[in-house]
Amino acid sequence: MTRPKRPWRPRPDPAAPSRSRQRGGSPTPDPLPEPRARGFSAPRGVPGRTSGAAAGSWAGRWHLRRAPPARAAAGDRPRRCAQGPRHRHLSPADLAAAAGPDPAPPRRAHGPRSPQSRRAQDPRSPQSRRAHGPRSPPPEPTGAPRPQHAPAATHRGALRGWPVEKPVHMCGEGPQAPRPAPQRLRAPDGRLWLGWGYVDACGLRSPPVPRHREAPAPLRKSASGQCCTLLLFQKTLEIYSVELSGTKEIEKTDHGNDRERYRGLKNNCLELRKNQRKEELKKELDLDDHKLSIKELEKKYGTDIIRGLSSTRAAELLARDGPNALTPPKQTPEMIKFLKQMVGGFSILLWVGAVLCWIAFGIQYASNRSSSLDSLYLGCVLVLVVILTGIFAYYQEAKSTNIMSSFSKMIPQQALVIRDSEKKIIPAEQLVVGDIVEIKGGDQVPADIRLLSSQGCRVDNSSLTGESEPQPRSPEFTHENPLETKNIGFYSTTCLEGTATGMVINTGDRTVIGHIASLASGVGNEKTPIAIEIEHFVHIVAGVAVSIGIIFFIIAVSMKYDILDSIIFLIGIIVANVPEGLLATVTVTLSLTAKRMAKKNCLVKNLEAVETLGSTSIICSDKTGTLTQNRMTVAHLWFDNQIFVADTSEDHSNQAFDQSSGTWASLSTIIALCNRAEFKPGQESVPIMKKVVVGDASESALLKFSEVVLGDVMEIRKRNRKVAEIPFNSTNKFQLSIHETGNPDDKHFLVVMKGAPEKILERCSTIMVDGQEKPLVKSATEAFHTAYMELGGLGERVLGFCHLYLPADKFPENYSFDVDTVNFPTSNFCFVGLLSMIDPPRSTVPDAVTKCRSAGIKVIMVTGDHPITAKAIAKSVGIISAGSETVEDIANRLNVAVERVNKRDARATVVTGMELKDMSPEQLDEVLTNYSEIVFARTSPQQKLIIVEGCQRQDAVVAVTGDGVNDSPALKKADIGIAMGIAGSDAAKNAADMVLLDDNFASIVTGVEEGRLIFDNLKKTIAYTLTKNIAELCPFLIYIIAGLPLPIGTITILFIDLGTDIIPSIALAYEKAESDIMNRKPRHKKKDRLVNTPLAVYSYLHIGLMQALGAFVVYFVVYAQEGFRPSALIGLREEWEKDHVNDLEDSYGQEWTNYQRKYLQWTGYTAFFVGIMVQQIADLIIRKTRRNSIFQQGLFRNKVIWVGIASQIVIALILSCGLGSVRALSFTTLKPQYWFVAVPFAILIWVYDEVRKLLIRLYPGSWWDKNMYY
Amino acid sequence: MAALQEKKSCRQRMEEFRHYCWNPDTGQMLGRTLSRWVWISLYYVAFYVVMTGIFALCLYVLMQTIDPYTPDYQDQLQSPGVTLRPDVYGEKGLEISYNVSDNSTWVDLTRTLRTFLAGYSPESQENSINCTSEKYFFQEGFKAPNHTKFSCKFTADMLQNCSGLVDPNFGFEEGKPCFIIKMNRIVKFLPSNSSAPRVDCAFLDQPRAGAQQLQVDYYPPNGTFSLHYFPYYGRKAQPHYSNPLVAAKLLNVPRNKEVVVVCKILADHVTFDNPHDQYEGKVEFKLRIQK
């Protein structure tokens, strides 16, 4: 279908503006019976990050960062669509308007003016970050092309100090955001924030006007958070729809000028109606519950907010609406899966064989009632084989699927609901609309709920929007748009802190997230590389089987064989050629590897993905949480005019900087005291770095840091009782608290302050050096700026610290501090030091990146984060290696203009989303090919798709890591999507093929290694399996041409394929890599085939032929020793097979009855079988390596091989001795010496292969190498 | 998962295939240049010559290890098979049916017998010697001409009434047909310890048929295979050996009724109870004589 890109078109509704204006103007009166906490009352006891998973789930998201300037442009035009009832139709225009970076008031003129917007324009509001911008020079080296965007200013500001920088994170988001920290610097209570700022591209938010002085801080985040949310959501939906209708459109969309796009959007919104799907979507979002009063809601849903629904009513509704659960992504019905196994691969050939058998039997039977039932049985056996292997493969796959589903179902969700006036805990699945539910910190919101009351409730909407900022939730209707209003909680989001009561307004698939999920599930899976390889292999083998079969059918017919006999031959040839057990083996092999990988924290959802990872040539890695630890950590300190490096490793064990200075003593005191974060109680035994902290990320970092360095921080705080405090807010950009000194004799009060460094410095008149207070002279200021710039340049968030001892005379012990009137000094402090924080790379990552690089895998960082931070992290983990420079670096170094630098000199580049937007696909290709080290920063989800596609255009196999709902299209688009197990949202995990249970990049490397190994080992398995096909096939050919008594029966062949060979071929999966597979290039998906010509030729024409000869020798030996010399056998077939000949003479003149001959023939089968088996042992051993000598590889390193060999022998013994009496199987007990007849051939095979490998090693690249290395 | 396989049009594929067959740029045919083909062919020729050589060597060694006179194993030939002449097979085995009054129904049967006995004419037996001893004819050395061993004569006339010499119709005409029973040769097989192996024919369902037992005239008398025909020393040692025969003339076959006759060989070392092999040590046939 031709897909309109914009999913929603608002219907013009003339009534709407007034309505919305009215609503906007007077928020719904609060009907709640309980007093809502309005003050700074957020219960802080609620852990901010209660569940690791929940809190983490926003890690590494690709956020939409700032709105492109296009939005601003869009804002200027009359917003026809937008003027409609916006709550009904969430049009992109609405989104743009709501979230838009549009700083220009005119646009508002057309729309309903909400109080928020007014506030936003309030000149007094300190919102404008631009004001700060100019003050400090932008530290970003890459900034050159950017200036025209307002957001650029944001970046600059951001680096400067934390208050400003926040925006960077929120909108920039991204990937790192999760944890993060920065945003949580402010008071955790978001409720206070009523303001609704308009933000430029997410960057600037209008400062919310705090209603309560006590808690002024939180807002900034919220505003920008919302904005981002909106944009994101819009984009998200778009992505899904795009994905549904093909990816071409995405490119267009993204390459197109955003401006155009949005303009078009508005102008064309009326035309967009056609898309049925969108229409539905629109309906989905046609949500006005947030505007209704509680009374209206009660009426609408027939419920009572005190008593809840009655059980009976709930049951009715449950029956009507179905359970409150997402319909799992469309699954192939089990039956279809099963049937697919039955007809996939070689099964078709076997079915053909079986049908031919039955046809042959039918003809025989029609002509002669007493004809033997052999072909009937053979047909049945073939069908049985197909069904058994099918069941087996199905079972294997089901088992691996189960691993996944068990994983996702580990924690059944419960909901606390009020029904029949009682609070009950029921499974969340049983919720129905109208239920009154209570949520508290740590819970997942169990359905879409309209909030009725809340206390300090904040939710993490990141799984929905990718926005990492906790969002306050409260009962007030704050926005027309259901996605923006604060009184709706969305299904599957996590309540981070506080409590709330809400009414369920949507359940299951009708929830917003359910809707997105259902859109995403429409994206079909393509074949994995290994599936393609196996298909290729099946084609080869089937081609060989069918062509040989037909050739010999024709030969047989022209040799005057009966047509029926010829058909039987044909069947024999097919059966001999088809490695019946192989596909099952491959499945087992893959699932063994999957299991092995699961042990190493790579959970593989799709078995075939095991190998895909191995052929990966480009990894587009997320930054936050994958490359980094996903938590803010103190990285550097600056005091005494010196930068100290703090240990950022996972355990912080080694803080080696000089702690003797008096400055440090003061600084550490400030760090410990000026901090509101606390450890959650009850974690005494947990290592410090792992303790759960209540508080935002930066404060947590500081708390843990000081806990590590100073010891018990709580004790220090206890000693230095806090008497007053000004929490952080965006106006002040500092946090201040007043403490008693720990010394009971010292009656001074100590004021400690931390905040944006330049803000702090402004308030200082002295600086502490070596523990001495010195006047803040110019040189000291310069030193400060240098350090600040340097740390900022590392992409770190810098905080300044200062303190002041209040004179005891003016501030006696009983002095009452009033933070509202600020009856104490807030300037002329003593500057103590700087401290910078970063989300540090995981310690395993640099090594892993190096490994990837040596494995020929390009690691590209794609992050939503700020370019400077991204580049700093990229450098520290080696994505940009130590010696490489970007064009900008070179320009800096040479001190020339960027334009004058030869681009070829630069190996690394940092591409921002802004730049990417203006690139044509060709330019992107150029970037991808010309630079070996690439960082994409500030990218949007669509851009991520573009990048993935760009990589795929170059025939790369692309792995993508991601974790948000909004990542799921990219995860699907990638050849292998890798979701983060801890931080990942369910949608991402659903879309991904693999889940990293520990969110650790190093696990990907493990996966790559395993994937490559499995590819090699599959090659070996297939080579092993194919080899015997010739030995199985030759008997038929010789039988037809030379008329020997049949050397091996069809059933016997099946016993090799499905009996003796199965375990050995699986054993090859345990083979260790023969060389360092991480030091070679990833395989080229079109050139390096699983089954290539040398493999087939070598297996069939070399080893296979030897095996056939060896087996024939055994056969001839058996016949000769029983009386039939080889010469006598030629042409004997006809007489031999006649039932009526009971006195057939052998070479000695002895006469044989029919049965005696038959028995001898079976002995021949058994001998041939044993001959093949013995040589397959040699084959198994030689297949352990492809290049190295067996002795280099170690004959006994893979114990499973020996289990395989033992199993081969044991199965053969059982068949021969144990079942030798079962006539139908045509096995006989063989004389012991016949088991050894083929041994010389087995040795020959081994020797020949050793010679082959030796020559390959000696003459790499030679003719021999090319023809003999598979 | 991204699409890794783009669809190619048929035309493209053909073009690719043509390019594969003959690549003018590199002079490659089927992926190799001519000289490469020569090289690889040479390699394969050499490889297969060597392999064939090894195989031939194996067979040569095998033949060298095999005793030309006696097979190494006779596992399947523990007990000799028994065959019947005339041998007409139906769906389940031997089925002989004819009409006494209709020549054409049995003339084929007698012809079969005659043809079979042609090998027992005095002329064809002339290289054998006359044996009279009723004991095993053991021969240690190769005393016969051409480094062979002697074979005992068995001529058709020993079958007397069933030789075809006396009655060219072998008794078929009168409803008392002759059947010739032959025991398969097995090298160095000694059928019994003392007495000669004897043929015994009877109705299969004897006990129930009750009243009448099958009356049989055996030729040679008593239906024995004389012991001097044993042991058989194999084709190479006894090129002129002929199996001894026993003819059974069934005297009282009921008319217009299908009977199953089983002829067993009674000897110490001949077994006739192998459930899988109905021709071991015995031969069963259905007989229906119409009038």
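Further up the page is the structure itself.
Residues numbered from 1 in each chain as written. Chains lettered and ligands numbered in written order. Predicted model: local features only at pLDDT ≥ 70, side-chain atom pairs only at ≥ 80, totals over all residues. Heavy atoms only, no water.

Draft legend 1. Summary view of the overall build of chain B. Across its full length, chain B carries 4 helices and 11 strands. Of all 291 residues assigned to chain B, the portion counted as buried reaches 46%. Taking all contacts inside chain B whose residues are at least 6 apart in sequence as the whole, residues at least 24 apart take part in 74%. Accessible surface, chain B as shown: approximately 15200 Å² in total, 54% of it carbon and sulfur. (Helix = DSSP H or I, 4+ residues; strand = E, 2+ residues; numbered from the N terminus. Buried < 20%, exposed > 50% of the residue type's maximum accessible area, 1.4 Å probe, protein only. Contact = heavy atoms within 4.5 Å. Areas by Shrake-Rupley, 256 points an atom, 1.4 Å probe, with all protein chains shown as cover.)

Draft legend 2. Just the sheet that holds strand 3 (residues 32–33) of chain B, in detail. All names here are of chain B. Ordered by their spatial adjacency, 3 strands build an open sheet running 1-2-3, and the pairing between neighbours is antiparallel. Across the chains shown, the open sheet's two edge strands, defined by having one partner strand only, are strand 1 (22–23) and strand 3. Across 2 bridges, strand 1 lies against strand 2 (residues 28–29) in antiparallel orientation. From the neighbouring strand, Trp22 faces strand 2, where its bridge partner is Met29. (Pairing = 2+ DSSP bridges.)

Draft legend 3. View of the nonpolar core. In terms of nonpolar packing, the biggest core is built from 241 residues, with Phe1001 of chain A together with Ile181, Cys201, Leu250 and Phe285 of chain B touching the most fellow members. Top contributing element to this core by residue count: helix 37 (residues 1001–1042) of chain A, with 20 residues. With near-sequence residues (within four places) excluded, Leu250 of chain B lies in contact with Gly175, Lys176, Pro177, Phe179, Leu214, Gln215, Val216, Val261, Phe285 and Leu287 of chain B. (Core = buried A, V, L, I, M, F, W, Y, C linked by side-chain atoms within 4.5 Å.)

Draft legend 4. Just the interface of chain A and chain B, in detail. Across the contact, 64 residues belong to chain A and 55 residues belong to chain B. For the pair chain A and chain B, the summed buried area comes to about 5100 Å², and 58% of that belongs to carbon and sulfur atoms. On the chain A side of the contact with chain B, Tyr1148, Glu1151 and Trp1263 of chain A bury the most area, a combined 15% of that side's loss. Here chain A is connected to chain B by 7 salt bridges. (Buried area = accessible area lost by both parts, 1.4 Å probe. Salt bridge = Lys/Arg side-chain N within 4 Å of Asp/Glu carboxyl O.)

Draft legend 5. Fine view of the packing of helix 20 (residues 529–558) of chain A against helix 37 of chain A. All names here are of chain A. Axis separation between helix 20 and helix 37 bottoms out at 12 Å; the angle between their running directions is 5 degrees. With respect to helix 37, the axis of helix 20 lies roughly parallel. Contacts between helix 20 and helix 37 pair Ile530, Glu533, Phe537, Val541, Ile548, Phe552 and Ala556 from the former with Phe1015, Leu1018, Ile1022, Leu1026, Leu1033, Leu1037, Ile1040 and Ile1041 from the latter. Grouping the amino acids of the contact of helix 20 with helix 37 by side-chain chemistry returns 14 nonpolar, no polar and 1 charged. (Axes fitted to C-alpha atoms, helices over the stretch in contact; angles between N-to-C directions. Parallel < 35°, antiparallel > 145°, perpendicular 65-115°, else oblique. Nonpolar A, V, L, I, M, F, W, Y, C, P; charged D, E, K, R; others polar.)

That is the geometry; function is a separate question.
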